[in-house]
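Residues per chain are reported as follows:
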Amino acid sequence: MWFRKSLIAIVMIAGIGAVPATAEPLSLEPNAEWKLREYEDKCRISRTFGADKDQVTLWVDQGGEAPAYNLTAIGRPMRNPYGPNIAVQFAPEPEYFRAYVAAKSSKGRPVVSLFGLRLTPTMEERALLGLESELPEQAEQSETYLPGAPRAPTTISEMTPERLAAITELRLGRALMKPIVLKTGSLTDPLAELQLCAEKVANAITRNTALAAIPPQPTEVARWAKIIQEGYPKYLIRAGEEASVSVRLTINKTGRPSYCEVTAVEGLTSFNDTVCLLLLRHATFNPALNAEGQSLVAQYSTRVTFRLN
């Protein structure tokens, strides 16, 4: 069922989740500067917003060269999320929706994590949101659909400096008890520093992967493959959508996947979030080893296929 390049086939049926009512947003100003930290498997910029019971700590992680981010928000305003998706908006770019993981920190604070975020929705997501007529001039489709051919992902071209500079807020809502607005200010400089750090780390991980005497080895596959099987997005089942998603995982020295990058998709890009989220949360590995038997941070490639009966 699996090897280093593996395939997980998914087959199931289900329904669709409810959408919570909206409320007045909680607007939070920053109370500290951005901080950059480099790890062996990723880079992180962090900042705190608000104060007292409303304080939120924001982590933005990047583990590869592509401008896609894992976002973690920690604090009481993130408590008790409900429903399958959180609304995300790097305003004034359009809002879009993402699956999420809810947990608690080691200090008992509520945590919400999202994986593989971009600063703006894809063309596919814009179409689903009815925003086709509002595409910026720089937006373009990465592939042309041909009758009978597998559908490739549709994307928005990389953010221009002008559009990036215009982003001053991160808005989170829908699944939260009260929508949150984090007054981030300009993201141009902090994301540029994060990008440089992530490229350095990604190059080191690529070298480790090439030099590893033993690559990462998946463990307990039957357990986490079943969880992924049960995670077929309900709204995509209802729509009759299928997909095959190829990903590259970063496996840290303890054997945990810490970063997920989608490398190819046949089908809707809406499947990307589910694949990365479930693999990052549930997949387990023995880490890569060098010739001396020491653990390495390295990459592992796999493919997940969703098929309906």
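Residues numbered from 1 in each chain as written. Predicted model: local features only at pLDDT ≥ 70, side-chain atom pairs only at ≥ 80, totals over all residues. Heavy atoms only, no water.

Quick look at the state of the cysteines
Then, number 1: If you walk through the whole model with that rule in mind, you get 2 disulfides.
Then, number 2: Each sulfur in the disulfide pair Cys 43 and Cys 197 lies 1.9 Å from the other. Looking along the S-S bond of the Cys 43-Cys 197 disulfide, the torsion reads about -75 degrees, which is the left-handed sense. With Cys 43 in strand β4 (residues 43-49) and Cys 197 in helix α3 (residues 188-211), this residue pair connects regions lying 154 residues apart in the sequence.
Then, number 3: Taking relative accessible area as the criterion, Cys 43 reaches 0% and is therefore assigned buried. (Disulfide = S-S within 2.5 Å. Helix = DSSP H or I, 4+ residues; strand = E, 2+ residues; numbered from the N terminus. Buried < 20%, exposed > 50% of the residue type's maximum accessible area, 1.4 Å probe, protein only.)

Concerning the sheet that holds strand β2 (residues 26-28)
Then, number 1: Pairing is mixed in the open sheet, where 5 strands are placed in the order β2-β12-β11-β7-β8. At either margin of the open sheet sits one strand with a lone partner, and together these are β2 and β8 (96-98). Across the sheet, the mean angle separating the axes of adjacent strands is 25 degrees when strand polarity is ignored.
Then, number 2: Here 3 bridges tie strand β7 (residues 86-91) to β8, and the two strands are oriented antiparallel to one another. Bridge pairing in β8 links Val 88 to Tyr 96. (Pairing = 2+ DSSP bridges. Axes fitted to C-alpha atoms, helices over the stretch in contact; angles between N-to-C directions.)

Here's the deal with helix α6 (residues 271-282)
Then, number 1: With 12 residues, α6 should cover 16 Å at 1.5 Å per step; its first-to-last C-alpha distance of 17 Å lies within 8% of that length.
Then, number 2: For α6, the tally of buried residues reaches 11 of 12 residues, placing the bulk of the element in the interior.
Then, number 3: Along α6, the positions that sit buried rather than exposed are Phe 271, Asn 272, Asp 273, Thr 274, Val 275, Cys 276, Leu 277, Leu 278, Leu 279, Leu 280 and His 282. (Expected span 1.5 Å × (residues − 1).)

As for the packing of helix α4 (residues 221-229) against α6
Then, number 1: It is the contact of α4 with α6, at a shortest axis distance of 10 Å, that shows an interaxial angle of 150 degrees. Between α4 and α6, the crossing angle belongs to the class labelled roughly antiparallel. Taken as a pair, α4 and α6 cross one another with a handedness that is right-handed. Together, Arg 223, Trp 224, Ile 227 and Ile 228 of α4 and Leu 278, Leu 279 and His 282 of α6 make up the contact between the two elements.
Then, number 2: For the contact of α4 with α6, the residue count by class is 5 nonpolar, 1 polar and 1 charged. (Parallel < 35°, antiparallel > 145°, perpendicular 65-115°, else oblique. Left-handed = near helix turned anticlockwise from the far one by under 90°. Contact = heavy atoms within 4.5 Å. Nonpolar A, V, L, I, M, F, W, Y, C, P; charged D, E, K, R; others polar.)

Observations concerning the side chain of Asp 41
Then, number 1: Tracing the backbone through its elements, the reader meets Asp 41 in the loop between β3 (35-38) and β4.
Then, number 2: Side chain to side chain, Asp 41 and Ser 258 meet in a polar contact 2.7 Å long.
Then, number 3: Leaving out residues up to four positions away in the same chain, Asp 41 has contacts with Gly 63, Val 201, Ile 205, Thr 250, Asn 252, Ser 258 and Val 297. (Polar contact = N/O pair within 3.5 Å; in protein donor to acceptor, adjacent residues only side chain to side chain.)

A short note on the packing of aromatic side chains
Then, number 1: Enumeration over the complete set of coordinates arrives at 6 aromatic pairs.
Then, number 2: Here the aromatic rings of Trp 34 and Phe 49 are separated by 6.4 Å at their centres, their planes lie at 75 degrees, and the arrangement is edge-to-face. Here Trp 34 is found in the loop between β2 and β3, whereas its partner Phe 49 is found in strand β4, with 15 residues between them in sequence. Just as Trp 34 is buried, Phe 49 falls in that class too.
Then, number 3: Taking the centre distance of 5.9 Å and the plane angle of 70 degrees together, the rings of Tyr 232 and Phe 271 count as edge-to-face. You can see Tyr 232 sitting in the loop between α4 and α5 (234-238) and its partner Phe 271 sitting in helix α6, a full 39 residues away along the chain.
Then, number 4: The class for Tyr 232 is buried, based on a relative accessible area of 1%.
Then, number 5: Given a relative accessible area of 0%, Phe 271 falls into the buried group.
Then, number 6: Put simply, the rings of Trp 224, Phe 285 and Tyr 300 pair up and form one aromatic cluster.
Then, number 7: A cation sits over an aromatic face here: Arg 174 above Phe 97, 4.3 Å from the ring centre. (Phe/Tyr/Trp six-rings, centres within 6.5 Å; stacked < 30°, edge-to-face > 60°. Lys NZ or Arg CZ within 6 Å of the ring centre and 35° of its normal.)

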